[in-house]
Amino acid sequence: MSTRTAALTRREQILREAARLFAERGFHGVGVDEIGAAVGISGPGLYRHFAGKDAMLAELLVGISERLYEGGRRRTEEAAAAGLPPADALDSLIDGHIDFALDDRALITLHDRELDRLKEEDRKQVRKLQRQYVELWVDAVRAMYPGLTELEARVSVHTVFGLLNSTPHLSGPSAMPDRETTAALLHRLVRGALAAAGPAAGPGQSV
């Protein structure tokens, strides 16, 4: 789920810098020329890759929703195929979302601020993918804690997302420890929150 790559394509570079600039200064506070300068090409040169800023924003927000859902689906399918216990399947989902929360903080900010700027069709696609992603989590949480009602599991999942997606508020060199330590801390916090919502874990479902 991490967007870190060894070598980004020019299109990916443009999207990465657009996300950073949009998150820092707002969609309307950034010009095409500035995005181009950030990747070393002229503003007009961006139009060989994107029709404009609106197209960049749509690809960023629809794209991350697709990656979250497809990554989550792959993780749950792999866990099921391997016959892993519910705790392991849930841990895999948590790890995937932690990667997103740590590596794509600009996209979290962008989603919160700019989602309403998308065309209706794109916005509906984002919402559809988000609902599908939530359902993966709800199923995993209820498998881990069968005593939870569907509504309780759903509330728990959205609460956990709120916890994980707060990472954009952690900024500056002293705001959080190194990535590995932060990831482990977030994982413990999520498991602790879900354990508090559910009944005591049964055999093979240690917290």
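If you look the chain up in an unreviewed UniProt entry, it shows as TetR/AcrR family transcriptional regulator from Streptomyces albiaxialis.

Q: Sorry, what's going on with the nonpolar core here?
A: Here is a general trend for soluble globular proteins: nonpolar side chains tend to be buried in one another's company. If you look at the biggest cluster of nonpolar residues, it comprises 57 residues, and the most contacted ones within it are Ile14, Phe22, Ile35, Met56, Leu60, Trp137 and Val141. Among the elements of the structure, helix 1 (10-25), helix 2 (32-39), helix 3 (53-81), helix 4 (86-103), helix 5 (105-114), helix 6 (120-144), helix 7 (150-164) and helix 8 (179-197) are those that each provide at least two residues to this core. A total of 10 residues in this core trace back to one element, the largest contributor, which is helix 6. If we ignore the near neighbours within four places in the chain, the residues touching Ile35 are Ile14, Ala18, Leu21, Phe22, Val30, Leu46, Lys53 and Met56.

Q: How should I be thinking about the packing of aromatic side chains in this particular structure?
A: The geometry of an aromatic ring pair is captured by the separation of the ring centres together with the interplanar angle, meaning the angle of the planes. This model, assessed by the stated rule, comprises four aromatic pairs. Seen in terms of ring centroids, Tyr133 and Trp137 are 6.4 Å apart; in terms of plane orientation they differ by 70 degrees. Their pairing is edge-to-face. In this pair, Tyr133 and Trp137 are both assigned in helix 6, four residues apart and thus about one turn of the helix distant. According to the relative accessible area criterion, Trp137 is buried, its value standing at 0%. Following the ring pairs from residue to residue traces out a cluster consisting of Tyr133, Trp137 and Phe161.

Q: Help me understand the UniProt feature "DNA-binding region" (unreviewed entry) in the chain, please; the structure alone is not making it clear to me.
A: UniProt's entry tags residues 31-50 with the feature "DNA-binding region" (unreviewed entry), counted in the numbering of this structure. When the span residues 31-50 is considered, its composition is 40% helix and 0% strand, and the gap between its end C-alpha atoms is 14 Å.

Q: Quick question: what am I supposed to make of helix 5 here?
A: Given 3.6 residues to a turn, an α-helix orients residues that are three or four positions apart in the same direction. Buried within helix 5 we find Leu107, Ile108, Thr109, Leu110 and Glu114. Where the residues of helix 5 are buried, they touch helix 1, helix 3 and helix 4.

The rules behind these values
Residues numbered from 1 in each chain as written. Predicted model: local features only at pLDDT ≥ 70, side-chain atom pairs only at ≥ 80, totals over all residues. Heavy atoms only, no water. Core = buried A, V, L, I, M, F, W, Y, C linked by side-chain atoms within 4.5 Å. Buried < 20%, exposed > 50% of the residue type's maximum accessible area, 1.4 Å probe, protein only. Helix = DSSP H or I, 4+ residues; strand = E, 2+ residues; numbered from the N terminus. Contact = heavy atoms within 4.5 Å. Phe/Tyr/Trp six-rings, centres within 6.5 Å; stacked < 30°, edge-to-face > 60°. UniProt positions renumbered as here; feature names shortened; annotations may be inferred.

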